[in-house]
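In case you want the letters, here they are:
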Amino acid sequence: MKNDSESLIDFIDAEAIWNHIKKAENPAPSKVREVIAKALEQKGLGLEEAAVLLACEEKELDEEIFAAARSVKESIYGNRMVLFAPMYITNECSNCCSYCGFSITNKDLERRTLELDEIKKEVIALADQGHKRLLMVYGEHPRFGPAWIKETVEMVYATQSEKSGEIRRVNINCAPMSVEGFRTIAEAGIGTYQCFQETYHRKTYETVHLKGAKRNYLWRLHAMHRAMEGGIDDVGMGALFGLFDHRFELLGLLSHARQLEKDCGVGPHTISFPRIEPALGSELASNPPDVITDHRFKKIVAILRLAVPYTGLILTTRETKELRRELMDLGVSQMSAGSRTYPGAYSDPEYDRPEVQQFCIGDNRSLDEVIKEMADSGFYPSWCTACYRSGRTGDHFMTLAKKGFIHEYCIPNALLTFSEYLQDYASEETRKSGEALLAQGEKLMKSKRRNKEVEELLKRIKKGERDLYL
Ligand code: SAM
Ligand code: SF4
């Protein structure tokens, strides 16, 4: 893979995407049902098939699409939900993205970059709430290169809270870098490298990225390829929904995923689908060009679930708690909780401060409140990091996931991490709800052998052992 962007090819075939969209218009109900039936085989969908589901506008058929997504979600992932918190390291940015509060043109934003000791404080505040998985988020600035990012990640892993332990997996969301740059950050032991293309429509991309390194569409498009070449096994892609026609963006995401699979032998570990939220200083963020209604958003999630059944789908606190609840059933497998979106927010006694944050949050509940609701509705929160720490990443993870591995490992590990949470961090009320759910854990596990093993491990956790996993 070349580092110089001149030689990079644009593998997003816009003409083909428009042809799929056009061809799929006004689909016959039988055609939609044919695609749904294929999706239920859990082998994924091609662009042409996803376009048919996107084109469907009949309420009754949409309900069938949702039912299929729920069924695939339940069958592959069970009732488990991986939880994480975003941790903003810097809001300094030299780019001008017209939808983002961190844009260089936003003179009202207070800029801040955390020092290493401030990162430590944030990590302790997060660990003391019970978090084990973080997504570190960075603005793009020439002062902050791969070596500095590596140092910040190492600081997180090195921090141990006296009360409660440590962060076990760090994912990062930062600007794309060269293969050598990725190699440097891989050395820090990052989990997933996440970077969103924002829009796959090139002309729109140029219109909303007005200044700075991010203007280079192809450099960003090839970021996942370079990350993998640099030794990062798990990559996460995404599009910022609202910038351009959602049908084009969804098919763009699928094209990107397929290309990565073709070139690198493994597709994305996760896909994110943030919807634009109002942001300080951004006119565009308050009036997005493509209006993504809640119904449309639900369809985007459901179609992604059917098209890439084994790829993690990530939802953030940009959305309201009511919608998040529905999307959990429809396909989401990972979500952030208790999020704060500015550097230093978790250890800030004066939280909440709009003059420093990136965008508005739709779900302001604490981690404990989110978990209580999950437990009451039968969902197991999971902080499992076993695969990443046992080298079951990238290609290896995908192959295993396709063989019912989630039921053999992920669900038991979810129960173990949930039990740790209940003992160490939960409020009285959450503990009650959680214990009641854990008592039914056995029924959720398909393997009798695993049942016995998990029972033993749960007993050890009750006696005070920590960080046990399969
Ligand atoms: N600076 C890096 C970049 O742009 O890739 C990473 C950090 S950036 C804060 C992370 C993501 O936030 C962006 O990729 C974008 O999709 C999302 N974002 C920016 N403005 C947003 C808004 N107004 N509403 C929702 N998401 C937004
Ligand atoms: Fe900077 Fe990323 Fe925000 Fe763009 S989206 S202004 S690059 S932080």
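Note that the coordinates shown come from a computational prediction; the quantities given were computed from them, not determined experimentally.

Looking now at the overall build of the protein. Helices and strands together make up the secondary structure of the protein, namely 21 helices and 11 strands. Relative to a compact globule of 470 residues, whose C-alpha radius of gyration would be 23 Å, the protein shows 21 Å and is just as compact. Along the longest, intermediate and shortest principal axes, the C-alpha atoms of the protein span 60 × 55 × 40 Å. Counting all 470 residues of the protein, 61% fall into the buried class. Taking the contacts inside the protein whose residues are at least 6 apart along the sequence as the reference set, 75% of them involve residues at least 24 apart. As presented, the protein carries roughly 18,700 Å² of accessible surface, and 50% of it is formed by carbon and sulfur atoms. Of the side-chain charges in the protein, 64 are positive and 71 negative, and the distance between the mean point of each set is 4 Å.

Right, let's talk about the environment of H295 for a bit. Along the polypeptide, H295 turns up in helix α13 (residues 294–307). Once residues within four sequence positions are removed from consideration, H295 is found in contact with D62 and F66.

Here the domain parsing of the protein yields domain 1 (14–73), domain 2 (76–386) and domain 3 (391–462). The centre of domain 2, based on its C-alpha atoms, is set 25 Å off from the matching centre of domain 3. Facing 34 residues of domain 2, the contacting portion of domain 3 comprises 31 residues. Approximately 2,700 Å² of surface area, both sides summed, lies buried where domain 2 meets domain 3, with 63% of it carried by carbon and sulfur atoms. In terms of surface lost to domain 3, no three residues of domain 2 exceed Y310, D368 and Y380, which account for 27% of the buried area on that side. At the junction of domain 2 and domain 3, the tally comes to one salt bridge. R168 is paired through a salt bridge with E420; the nearest N and O atoms lie 3.1 Å apart. Between the two partners, domain 2 and domain 3, sit nine residue pairs in polar contact (both at pLDDT 80 or more). Elements represented by at least two residues in the side of domain 2 that touches domain 3 include exactly α4 (59–77), α5 (116–129), α15 (367–376) and β11 (380–382). Per-element tally for the side of domain 2 that touches domain 3: the top contributor is α15, with six residues. Residues that form the side of domain 2 that touches domain 3 fall into these classes: 15 nonpolar, nine polar and 10 charged.

Now for the pattern of salt bridges. Taken as a whole, this structure holds 33 salt bridges when the rule is applied. Linking R33 and E60 is a salt bridge whose minimum nitrogen-to-oxygen distance equals 3.8 Å. Placement of R33 in helix α2 (residues 29–39) and of E60 in helix α4 is noted, with a sequence separation of 27 residues between them. Its relative accessible area of 37% is what places R33 among the partly exposed residues. Look at E60 and you get exposed, because its relative accessible area is 56%.

This part takes up the pairing of strand β1 (residues 80–90). Where a strand is regular, its side chains alternate between the two sheet faces. Most of β1 is tucked away: 11 of the 11 residues are buried. Summarising the sheet, β1 and β11 pair through three bridges and their orientation is parallel. The residue of β11 that forms the bridge with V82 is S382. Note: β1 against strand β10 (residues 334–336), three bridges, orientation parallel. Across the sheet, F84 pairs through a bridge with S336, a residue of β10. Inspection of the sheet shows β1 paired to strand β3 (residues 133–138) by five bridges, in the parallel sense. Considered in β3, the bridge of A85 is made with L134.

So, about unusual backbone geometry. Located in the positive-phi region is Q42, a residue other than glycine, with phi close to 65°. Relative to the elements of secondary structure, Q42 occurs in the loop between α2 and α3 (47–55). In the Ramachandran plot, E198 falls in the positive-phi region, its phi being about 70° despite a non-glycine side chain. If you trace the backbone, E198 turns up in the loop between β5 (192–194) and α8 (202–208).

Taken together, the neighbourhood of ligand 2 is formed by C93, N95, C97, Y99, C100, F102, S103, G139 and K214. In terms of residue class, the shell around ligand 2 is made up of five nonpolar, three polar and one charged.

It is worth spelling out the packing of aromatic side chains at this point. All chains considered together, the criterion is met by 12 aromatic pairs. A ring pair is formed by W18 and F244, whose centres lie 6.0 Å apart and whose planes are at 80°; its orientation type is edge-to-face. Here W18, found in helix α1 (residues 14–23), pairs with F244, found in the loop between β7 (234–238) and α11 (246–264); they are 226 residues apart in sequence, far enough to count as distant. Assessed through its relative accessible area of 17%, F244 is described here as buried. For the ring pair W18 and F248, a centre distance of 5.1 Å and an interplane angle of 40° mean the geometry is tilted. One end of the pair, W18, is in helix α1; the other, F248, is in helix α11, and 230 residues separate them in sequence. Overall, W18 belongs to the partly exposed group, its relative accessible area being 32%. F248 gets classed as buried once you look at its relative accessible area, which sits at 1%. The rings of W18, F244 and F248 are connected pair by pair, giving a single aromatic cluster. In this structure, R275 packs its charged tip against the face of F297, placed 4.5 Å from the ring centre.

Here a disulfide denotes one covalent bond, and it connects the sulfur atoms of two cysteines. Summed over the entire model, instances satisfying the criterion amount to zero disulfides. Unpaired in terms of disulfides, C96 finds its nearest cysteine sulfur in C97, a separation of 7.0 Å.

Turning to α2, its buried residues are V32, V35, I36 and A39. Each buried residue of α2 lies within a common arc of 100° when the element is viewed along its axis, so the set occupies one face. Of the exposed residues in α2, those oriented more than 90 degrees away from the buried face are S30 and E34. Along its buried surface, α2 packs onto α3, α4 and α13.

Rules and cut-offs
- Residues numbered from 1 in each chain as written.
- Chains lettered and ligands numbered in written order.
- Predicted model: local features only at pLDDT ≥ 70, side-chain atom pairs only at ≥ 80, totals over all residues.
- Heavy atoms only, no water.
- Helix = DSSP H or I, 4+ residues; strand = E, 2+ residues; numbered from the N terminus.
- Rg over C-alpha atoms; globule rule 2.2 N^0.38 Å.
- Buried < 20%, exposed > 50% of the residue type's maximum accessible area, 1.4 Å probe, protein only.
- Contact = heavy atoms within 4.5 Å.
- Areas by Shrake-Rupley, 256 points an atom, 1.4 Å probe, with all protein chains shown as cover.
- Lys, Arg positive; Asp, Glu negative; His and termini not counted.
- Charge placed at Lys NZ, Arg CZ, Asp CG, Glu CD.
- Domains from an automatic or database assignment.
- Buried area = accessible area lost by both parts, 1.4 Å probe.
- Salt bridge = Lys/Arg side-chain N within 4 Å of Asp/Glu carboxyl O.
- Polar contact = N/O pair within 3.5 Å; in protein donor to acceptor, adjacent residues only side chain to side chain.
- Nonpolar A, V, L, I, M, F, W, Y, C, P; charged D, E, K, R; others polar.
- Pairing = 2+ DSSP bridges.
- Near = heavy atom within 4 Å.
- Phe/Tyr/Trp six-rings, centres within 6.5 Å; stacked < 30°, edge-to-face > 60°.
- Lys NZ or Arg CZ within 6 Å of the ring centre and 35° of its normal.
- Disulfide = S-S within 2.5 Å.
- Arc of directions from axis to C-beta.

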